[in-house]
Amino acid sequence: MSEQPPMIRVEGLRKQFGDFLAVAGISFEVAQGEILGFLGPNGAGKSTTIRMLCGLLKPTAGRIHIDGVDVAADPDALRKRIGYMSQKFSLYQDLTVRENLRFYGGVYGLRGAALESRIGYALEMSGLTAHPETLVSALAGGWKQRLALGCAILHRPRILFLDEPTSGVDPLSRRRFWDLIHDLSTEGVTILVSTHHMDEAQYCNRIALIDRGSIVALDTPGQLKRRSLGGELVRIECASPDRAMQALAALAQVRDVAVFGNSLHALVDNAADAAAAIVERLRTRGIAAARVTQIDATLEDVFVRLVSANHGPAGTGA
Amino acid sequence: MRIRRVSAIALKELLQVWRDPRSLMLALLMPVMQMLLLGYGVNLDISHVPTCTYDEEGSQLSQALIARFQASRYFDLVAGLDSQRQIRHAMDGGLCKLVIVIPAGFSRQISEFHHASVQAIVDATDDNTATIATAYASAVVQGFSNEVQMRYEALRGGTVVAQPLAVQSRVWFNEDLDSRDFIIPGVVALVLALVGAQLTSLTIAREWERGTMELLLSTPVTPLEMMIGKLLPYFVIGLVDAGICLAFALLLFHVPFRGAFATLLLTTSLFLVVVLNIGYLLSVLIRNQLGASQIAMFVTIMPISLLSGYTFPIDQMPAAIRAVTYVIYARYFVTILKAVFLKGSGIGALWGPVSALILYDILVVWIAGRAFRKRIA
Ligand SMILES: Nc1ncnc2c1ncn2[C@@H]1O[C@H](COP(=O)(O)OP(=O)(O)O)[C@@H](O)[C@H]1O
Ligand SMILES: [Mg+2]
C-alpha cells in the first residue's frame with residue numbers, strides 16, 4: 001500500500017491438528033492503520049490463524065512478522081504490542097467493570113495516574129462511565145464486547161486482533177462497535193478482525209475470504225464484487241428453487257447457480273439474453289411463475305462463487 | 001519479573017476468592033471443621049483399650065513395665081496370659097484388642113543394648129484404634145526404657161544428671177500420653193496441607209474452565225509472575241489458617257506450646273510453599289477444577305495421614321516403609337511441629353528437617369515456576 005514495511009506479514013502459515021489441516025498455508029500482509037477483515041463460515045480457520053498471530057498456538061509451518069517482530073523468536077516482544085479479543089468472552093464475570101480494567105492495566109504494567117487516565121478513556125469508549133462498579137456478569141452483550149475492547153486497548157497496542165467481536169450482539173451494538181474500530185484505525189492502529197457476518201465486510205479496508213483454511217480472495221470489498229464475479233448476476237424467483245437449480249445447472253447460458261433463501265442467484269454473461277433462456281427452460285420443466293431480474297452482486301454471492309470453485313474438482317482446495 | 005504484574009494477579013485472585021463462597025468456605029471453614037473432626041476424633045476413640053499381657057520373663061523389670069501400662073488410662077489390663085496359644089484365644093474371643101508380649105531377654109536387652117523390644121499384637125479390625133494403640137504402647141515402652149537406662153547410667157557412677165534429662169525425656173516422649181498433645185501438631189500439618197493444596201489446585205484450572213485463560217495468555221505475563229501472583233494470596237490465607245489451627249490447638253485442645261512463634265512462623269511458611277506449589281502444579285497440568293482438586297486431596301491425605309508420623313510414629317515402622325517416609329515432605333513438618341510444641345525446639349535444633357523442607361521448596365518452586373506454558377495447546 002505504501003513504502004512503509006507492513007505491520008503484519010504472514011508467509012506460508014500452516015496449522016495441522018493431527019491429520020486435519022486447519023490452516024492450509026496462507027500468506028498476506030496488512031499495512032499500518034488498515035482494517036483487514038477475515039470473512040468465512042464457522043470452521044474456516046479464522047480463529048486458528050488469529051491465535052497463531054497472537055503467539056497462542058505454534059504454527060506447523062510458516063513465518064509471522066508483526067511490527068518487525070518475529071513471533072516465533074520473540075513472543076514476549078509481540079505481546080507488548082498487541083491487543084486481543086478472543087472469540088469466547090473472556091473477562092472476569094465475578095469482577096466489576098473497573099476491577100477488570102485495573103487488572104488488565106496492571107498486567108500490561110500500567111500504574112498510577114497513567115492507569116487511571118486509560119481506565120477513564122476505556123470507560124468512556126465503552127459507554128460504561130456511569131457503571132464502573134457493576135459486575136461484568138450483569139452487563140448486556142453489547143456492553144460486554146465494548147468493555148472487552150476497552151481492556152484490549154488499555155496499553156495502546158499498535159495492532160489489534162479481534163476474533164468475531166460482534167457475534168451474538170444486537171445490530172445497533174454491532175454498528176456502534178464498528179464505529180469504535182473505525183476510530184481506532186484512524187488513530188493508526190492496525191486491526192485484523194474476523195466475522196461471519198457478510199454485511200460487516202463493508203466496514204473493512206480489505207477482506208480476506210477464508211474457506212477451509214485457505215484465503216480464496218483478498219481485496220477491497222468493491223474490487224471483490226467487481227472482479228471476482230466476471231459476469232452479471234440475476235435473481236430467479238420461482239416455485240421450487242431446489243428443482244429449478246437442477247434444471248438450470250445444465251443450461252449453457254448459466255455459468256453458476258446457487259440457492260439464496262427462497263430464490264436462486266445465477267451468474268450469466270449477459271442478463272437480458274439469459275433471462276429468456278432461463279424462463280423457457282423452467283417452463284419446459286413444469287416450474288411456473290419464474291421471474292428473472294438483474295441484481296447487484298453482494299459479497300455473499302462472491303463468496304459462494306469463489307468457494308464453490310475452491311471445492312470443485314478443478315479448485316485449489318486442500 | 002515485574003512486581004506490577006504480580007500484584008495485579010494477586011489482587012485479582014484475592015477478590016475472586018472473596019466473592020466465591022465455595023473458595024471462601026474452603027479457605028476459612030474447612031480448617032475449623034478439620035481441626036474439630038480430627039482433633040476430637042482421635043481423642044475419643046482411644047482411651048481404655050482392653051489389653052492383655054504375656055510376660056515371658058517374669059522379672060522385676062518386666063513387672064515394672066506392666067505397671068506402667070496399668071497406670072495409663074489408655075489401657076485397661078484385663079488379664080495376664082501364660083502362653084502363645086492363649087493370645088490367640090484372648091483376641092479371637094474379644095477379651096482384648098491388644099496383647100503386650102515381653103520377651104524372655106527383656107532385662108538383658110535393656111542393660112546391654114540400651115534398647116528393649118517388646119511385641120505388641122493388635123486386633124487390626126479397627127484400623128484406627130490399632131494404629132494409635134500401637135503408637136501409645138510403643139511410647140510407654142520407650143519412656144520406660146529411657147528411664148531405666150538413665151538409672152543404670154547413674155548406678156555406674158557417672159555424674160548424676162538425672163534431673164534435667166528426666167524432664168526433657170518426659171516432654172520428648174510425651175510420657176503422660178495425652179493423645180491430643182501427641183497428635184494435634186500432626187493434625188495441624190495435615191489440615192494446612194489439605195486446605196492449601198485444595199485451594200491452589202483450583203486456581204489455574206478455573207481460568208481454563210471459565211475461558212479467561214486465553215486472554216491472559218495473550219498478555220506479557222511470564223510463567224514466574226503467574227506462579228508468584230497466583231500463590232501469594234493463598235500464602236496469606238495459609239498463614240491465617242495456620243493461626244486458626246494454632247488457636248484450636250492451644251485454646252481448645254490445650255496442647256502445650258513450649259517453642260517460639262517465630263520458629264513456627266518460619267517453618268510453617270516453608271511448609272506452605274511446598275503445599276501450595278503442589279496444588280498449583282496439579283492445576284497447571286490438569287486444567288480441570290474437579291480433577292485437580294481430587295488429585296490434590298488424594299496426594300495430600302493418603303501419604304500424610306499414613307506416612308508423616310502424625311499418628312503412627314515413624315521409628316515404629318518397618319524399615320522399607322520408613323525409607324518411603326523420607327520423601328513425604330509432611331514428615332519433616334510434623335517432626336518440626338511436635339518438637340516446637342512439645343519440646344520447645346528452636347531452628348538450631350531442627351536444622352535437619354528444616355533443610356529438608358528448604359530443599360523441597362527449591363525443588364517445587366523450580367518446577368512450578370516453569371510448568372506454566374504460554375500456549376493454548
Ligand atoms: N485445538 C484444536 N484441535 C483440533 N482441531 C481444532 C482445534 N482448534 C480448531 N480446530 C479445528 O480447526 C478448524 C478451524 O477452526 P477455527 O479456526 O476455530 O475456525 P473459525 O474460527 O473460522 O470458525 C475447525 O474444524 C476446528 O474444529
Ligand atoms: Mg472462530
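Just so it is clear, the model here is predicted, and its values are computed rather than measured. For every chain, the first residue of the written sequence is number 1, and numbering continues from 1 onward in sequence order. Following the order in which they are written, the chains are lettered starting with A and the ligands numbered starting with 1. In keeping with the predicted nature of the model, local features appear solely for residues at pLDDT of at least 70, side-chain atom pairs appear and are counted solely at 80 or more, and the whole-chain, interface and lining totals rest on all residues. Based on all heavy atoms of the structure, the side-chain values leave hydrogens and waters out of the count.

Turning to the nonpolar core, a few remarks are in order. I8, F28, I66, L149 and F161 of chain A are the most contacted members of the largest nonpolar core, which totals 183 residues. Looking at this core element by element, the count peaks at 17 residues for helix α8 (residues 179-210) of chain B. If sequence neighbours within four positions are ignored, L149 of chain A has contacts with M85, M125, L160, L162, F177, L180 and L184 of chain A. By size, the runner-up hydrophobic cluster in this structure holds 19 residues, among which are I236, L251, A271 and A277 of chain A. Residues enter a nonpolar core if they are buried and are Ala, Val, Leu, Ile, Met, Phe, Trp, Tyr or Cys, with the set joined through side-chain atoms within 4.5 Å. Exposure classes here rest on a 1.4 Å probe applied to the protein chains alone. A residue is buried below 20% of its type maximum, exposed above 50%, and partly exposed in between. Only DSSP runs of H or I with at least four residues qualify as helices, and only runs of E with at least two residues qualify as strands; both kinds are numbered from the N terminus onward. Throughout, a residue-residue contact means that at least one pair of heavy atoms, one from each residue, lies within 4.5 Å.

Now for the coordination of the magnesium ion (ligand 2). Residues and elements named next belong to chain A. Here the magnesium ion (ligand 2) is held by the protein donor atoms S47 (OG) and Q87 (OE1), which lie 2.0 to 2.1 Å from it. Note that S47 is positioned in helix α1 (residues 46-53) and Q87 in the loop between β6 (82-85) and α3 (97-107), a separation of 40 residues in sequence. Exposure remark for S47: the relative accessible area of 17% places this residue in the buried category. In this structure Q87 comes out as partly exposed when scored by relative accessible area, which is 37%. Note that water is not among the atoms considered, so a metal site may appear incomplete; the donors listed are N, O and S atoms within 2.8 Å of the metal, with 3.2 Å applied to Na, K and Ca.

What follows deals with helix α14 (residues 329-343) of chain B. All names here are of chain B. Helix length check: α14, at 15 residues, gives a terminal C-alpha distance of 21 Å against a target of 21 Å (1.5 Å per residue), a fit within 8%. Across the 15 residues that make up α14, a large majority, 13, are buried. Remark: G344 follows α14 within two positions and exhibits a positive phi of approximately 75 degrees. By this rule the span expected of a helix is its residue count minus one, scaled by 1.5 Å.

Any two side chains of opposite charge can pair, on the condition that their charged atoms come close. We count a salt bridge whenever a side-chain nitrogen from Lys or Arg sits within 4 Å of a carboxyl oxygen from Asp or Glu. Across all of its chains, the model carries 25 salt bridges over all chains by this definition. Note that E214 of chain B is salt-bridged to R51 of chain A, the shortest N-O span being 2.8 Å. Here R51 of chain A lies in helix α1 and E214 of chain B lies in helix α9 (residues 213-217), a pairing that spans two chains. The salt bridge involving D269 of chain A is made with R255 of chain A; its shortest N-O contact spans 2.5 Å. One end of the pair, D269 of chain A, is in the loop between β13 (263-268) and α9 (271-284); the other, R255 of chain A, is in strand β12 (residues 254-260), and 14 residues separate them in sequence.

Residue and element names in this part refer to chain A. Strand pairing is defined by DSSP finding a minimum of two bridges between the two strands. Reading across the sheet, the six strands line up as β6-β7-β8-β3-β9-β10 and stay open at both edges, with mixed pairing between neighbours. Edge positions in the open sheet fall to β6 and β10 (214-219), since each of these has one partner strand only. Pairs of neighbouring strands in the sheet enclose a mean axial angle of 15 degrees, with direction left out of account. Sheet analysis places strand β3 (residues 35-39) next to strand β9 (residues 206-211), joined by four bridges and oriented parallel. Along β9, the bridge assignment pairs L39 with L209. Relative to β6, helix α5 (residues 141-152) is tilted by about 160 degrees, and along the sheet it contacts β6 and β7 (159-163). To define axes, lines are fitted to C-alpha atoms, for helices over the stretch in contact only, and angles between the resulting N-to-C directions are given on a 0 to 180 degree scale.

This part is about the interface of chain A and chain B. Accessible area lost on assembly of the parts is the figure often given for the size of an interface. Contact with chain A, which involves 30 residues of that partner, is made by 25 residues of chain B. Buried area between chain A and chain B, both sides added, is near 2,700 Å², and the carbon and sulfur share of it is 59%. Here chain A is connected to chain B by three salt bridges. N or O atoms within 3.5 Å of each other form a polar contact, as long as, within protein, one can give a hydrogen and the other can take it, and as long as residues adjacent in sequence are counted only when both atoms are side-chain atoms. The tally of links from chain A across to chain B stands at 13 residue pairs in polar contact (both at pLDDT 80 or more). Of all the secondary structure elements, the ones that give two or more residues to the side of chain A that touches chain B are α2 (75-81), β6 and α3 of chain A. Ranked by the residues each element gives to the side of chain A that touches chain B, the list is headed by α3 of chain A, at six residues. Charged means Asp, Glu, Lys or Arg here, nonpolar means Ala, Val, Leu, Ile, Met, Phe, Trp, Tyr, Cys or Pro, and polar covers whatever is left, Gly included. Taken together, the residues that form the side of chain A that touches chain B break down as 15 nonpolar, six polar and nine charged. Once two parts are brought into contact, the accessible area they lose, counted with a 1.4 Å probe and summed over both, makes up the buried area.

Take the packing of aromatic side chains next. Two rings belonging to Phe, Tyr or Trp (six-membered ring only in the last case) form a pair when the distance between their centres is within 6.5 Å. Interplanar angles under 30 degrees mark stacking, angles over 60 mark edge-to-face geometry, and anything in between is tilted. Under the criterion given, the structure shown has 11 aromatic pairs over all chains. Taken together, the aromatic side chains of F271, Y329, F333 and Y360 of chain B make up a single cluster linked through ring pairs. In this scheme, Lys NZ or Arg CZ marks a charge over a ring once it lies within 6 Å of the ring centre and within 35 degrees of the ring normal. The ring of F103 of chain A is capped by K12 of chain B, whose NZ or CZ atom sits 5.4 Å from the centre of that ring.

Once that is clear, we can look at the state of the cysteines. Disulfide: a covalent bond formed between the sulfur atoms of two cysteine residues. Throughout, a disulfide means two cysteine sulfur atoms within 2.5 Å of one another. Inspection of the entire model under this criterion finds zero disulfides over all chains. Unpaired in terms of disulfides, C204 of chain A finds its nearest cysteine sulfur in C54 of chain A, a separation of 17 Å. The exposure class of C204 of chain A is buried, given its relative accessible area of 6%. No disulfide involves C96 of chain B; its sulfur sits 3.3 Å from that of C52 of chain B, the nearest cysteine. Taking the relative accessible area as the measure of exposure, C96 of chain B reaches 1% and is therefore buried.

Attention now goes to the packing of helix α4 (residues 112-126) of chain A against α5 of chain A. Residues and elements named next belong to chain A. Across the interface, α4 lies against α5 with an axial gap of 9 Å and an inter-helix angle of 150 degrees. In terms of their interaxial angle, α4 and α5 are classed as roughly antiparallel. Once α4 is placed against α5, the crossing between them reads as right-handed. Along its contact with α4, which presents A122, M125 and S126, the element α5 presents W143, R146, L147, L149 and G150. Per-class residue counts for the contact of α4 with α5 are five nonpolar, two polar and one charged. Small angles under 35 degrees read as roughly parallel and large ones over 145 as roughly antiparallel, with 65 to 115 read as roughly perpendicular and the rest as oblique. Put simply, a crossing is left-handed when the front helix is turned counterclockwise from the back one by less than a right angle, and right-handed when it is turned clockwise.

Taken domain by domain, chain B holds domain 1 (3-43 + 178-376) and domain 2 (49-155). The straight-line distance from the C-alpha centre of domain 1 of chain B to that of domain 2 of chain B is 37 Å. Segment limits for the domains were obtained from an automatic or database-derived domain assignment.

What follows deals with the pairing of β13 of chain A. All names here are of chain A. Burial of β13 is extensive: six of the six residues sit out of reach of the surface. Where burial is concerned, the two faces of β13 agree: the one with S263, H265 and L267 and the one with L264, A266 and V268 are both buried. In this structure, strand β11 (residues 232-237) lies alongside β13, joined through five bridges in antiparallel fashion. Note on β13: the bridge partner recorded for L233 is L267. The pairing of β12 with β13 spans six bridges and is antiparallel. Bridge pairing links A258 to H265 in β13. If you look at the hairpin formed by β12 and β13, you'll find two residues sitting between the two strands, and G261 has a positive phi there, around 65 degrees.

A word on the sheet that holds strand β4 (residues 61-66) of chain A. All names here are of chain A. Here four strands make up an open sheet; going across it, the order is β2-β1-β4-β5 and the pairing antiparallel. The strands lining the two open edges of the sheet, one partner per strand, are β2 (20-30) and β5 (69-70). Here strand β1 (residues 8-17) pairs with β4 via five bridges, running antiparallel. Of the residues in β4, the one forming a bridge with I8 is I66.

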